[in-house]
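# Breakdown of the fold
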Amino acid sequence: MIEKLVRKVVLGLKPYQAGKPISQLKRERKISQVIKLASNENPLPPSERVIKVLKDSLTKVNLYPDSNGYYLRNGLAKKLKLKRGNIILGNGSSEIIAMALETFVNPAEEIIIADPSFIIYKGLIKLRDAVPVLIPLKDFSLDLSAMLKAINKRTKMIILCNPNNPTGTIIKKEELKKFMKKVPENVIILSDEAYLEYVEDKEFSSAFPYLKSKKPLIITRTFAKSASLAGLRIGYGIAKGEIIEQMNKVRPPFNTSSLAQVAALAALNDKEHLEKTRKNNREEKRYLYQNLKNLRLSYIPTQTNFICFDLKRNAKLLCRRLEEEGVIIRNMSAFNLPNSFARVTIGTHQENMLFIKKLKKVLIKK
Ligand SMILES: Cc1ncc(COP(=O)(O)O)c(C=O)c1O
């Protein structure tokens, strides 16, 4: 029995349930037209500039990548007005989160996270034999005062998902300021800013200005969302040099591919692509809001590229019906939200129209 050999904590975990790939649904249901609005990907392909550098690099994949990602870290450092030593690259920002936990968290230490928030936190914390301390959201937003109150001697880290997945809400400047003032200096703050580029609300603040403070702060960001590079797996962490130095000890060799590095570097200052992405998101968010309203479905106003909404009936069932119609969205049963909630990624206009058309169909069928 292999179970006897497996770590106890691993026995208790479930594999991460990613949004169903389009190819899987096509295979399973024999449907030719399938759209996926389930994993908060950018519906726009990478820019021509990115595709060109990828093509140019294809012939060099016989060689290992630069394990230190010199050029990409250089580019990021320049853009952020920091030093290369303040940047670490990861196989997606999820790997940066895993590395932060591996570097700093001992068994039995507590990590404070919001609930619901990005689903991988809990599992990664448990894998370290540490304890996730779940703080319920307040009005679908992170409850920073409750998170502060939960700090005790065993607390090692607080993870802020800002904006928060799956609710799309943000932490406001003033709230963050108060919070930062109160967090003790022996508690690490990890600010996961995967959706930063989508935020429209002027009240939002990244944790970036606090890098200068004495607090141990790690910021994680990604090229998977606004830069359209989810399939290449590339993200980065920003922190003081002394933090990055420690994290580099646990970073697997060659953890980011050469293709991911060149593509991310080309995407880094691609303002045109970013503006296209933001424009599509802004306009289509409003289109989806209006149509959800027309269907008398309520939604949580979002600062991201996804919308969490209330189907007012069993979401698992309805999402299954939508899949039969070739539309993949995400029911929120794995997150701690009412079973009528679902999350849809904001797609292209065509995708959103198809989603609304099929949603209407399955709602009527009920
Ligand atoms: C809040 C949040 N953080 C991080 C990630 C992971 O992104 P990456 O693809 O960079 O690992 C996601 C992906 O959905 C996310 O929602």
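It should be emphasised that the depicted structure is a prediction, and the values quoted were computed from it without experimental measurement. (Residues numbered from 1 in each chain as written. Predicted model: local features only at pLDDT ≥ 70, side-chain atom pairs only at ≥ 80, totals over all residues.)

## Structural notes on the overall build of the protein
A count of helical and extended segments in the protein gives 13 helices and 12 strands. Computed over C-alpha atoms, the radius of gyration of the protein comes to 21 Å, within 12% of the 21 Å expected from 2.2 N^0.38 for 366 residues, which places it in the range of a compact globule. Considering the protein as a whole, with its 366 residues, one finds that 43% of them fall into the buried category. (Helix = DSSP H or I, 4+ residues; strand = E, 2+ residues; numbered from the N terminus. Rg over C-alpha atoms; globule rule 2.2 N^0.38 Å. Buried ≥ 20, exposed ≤ 12 C-beta atoms within 10 Å, placed from the backbone.)

## Re the sheet that holds strand β11 (residues 330–331)
Spatially, three strands are ordered β9-β12-β11 in an open sheet, and the strand pairing comes out antiparallel. Two strands bound the open sheet, and with one partner strand each, they are β9 (306–310) and β11. Bridge count between β11 and strand β12 (residues 341–345): two bridges; the pairing is antiparallel. Within β12, the position partnered with R330 by the bridge is R343. (Pairing = 2+ DSSP bridges.)

## Things to note about the domain arrangement of the protein
Under the domain assignment, the protein is made up of domain 1 (2–45 + 272–365) and domain 2 (48–269). Using only C-alpha atoms to locate each centre, domain 1 and domain 2 end up separated by 24 Å. On the side of domain 2, 28 residues touch domain 1, which itself brings 28 residues to the contact. Of all the secondary-structure elements, those providing two or more residues to the side of domain 1 that touches domain 2 are α11 (271–294) and β9. It is α11 that provides the largest number of residues to the side of domain 1 that touches domain 2, a total of six residues. Its residues placed into classes, the side of domain 1 that touches domain 2 shows 14 nonpolar, 10 polar and four charged. (Domains from an automatic or database assignment. Contact = placed C-beta atoms within 7 Å. Nonpolar A, V, L, I, M, F, W, Y, C, P; charged D, E, K, R; others polar.)

## Some points on the pairing of strand β2 (residues 87–90)
Covered by surrounding structure in β2 are I87 and L89 together with I88 and G90, the residues of both alternating faces. As defined by bridge partners, β2 adjoins strand β8 (residues 235–239) across four bridges and the pair is classed as antiparallel. The residue bridging L89 from the neighbouring strand is Y236, located in β8.

## Some thoughts on the environment of L13
By the secondary structure assignment, L13 is in the loop between α1 (8–11) and α2 (22–29). Along the sequence, L13 and E203 sit 190 residues apart, while their C-alpha atoms lie 37 Å from each other.

## Re the site of the ligand
Close to the ligand lie 13 residues; G92, S93, S94, T222 and A224 are nearest. Tallied by class, residues from the shell around the ligand come to five nonpolar, seven polar and one charged. (Near = placed C-beta within 6 Å.)

## Considerations on the nonpolar core
I159, L229, A263 and A264 are the most contacted members of the largest nonpolar core, which has 68 residues in total. Considering each element in turn, this core owes the most residues, eight residues, to helix α10 (residues 258–268). Ignoring sequence-local partners within four residues, the contact set of I159 consists of I111, I113, Y121, L190 and D192. Counting residues in each nonpolar core, the second largest holds 25 residues, with C308, C319, V327 and L337 among its members. (Core = buried A, V, L, I, M, F, W, Y, C linked by C-beta atoms within 7 Å.)

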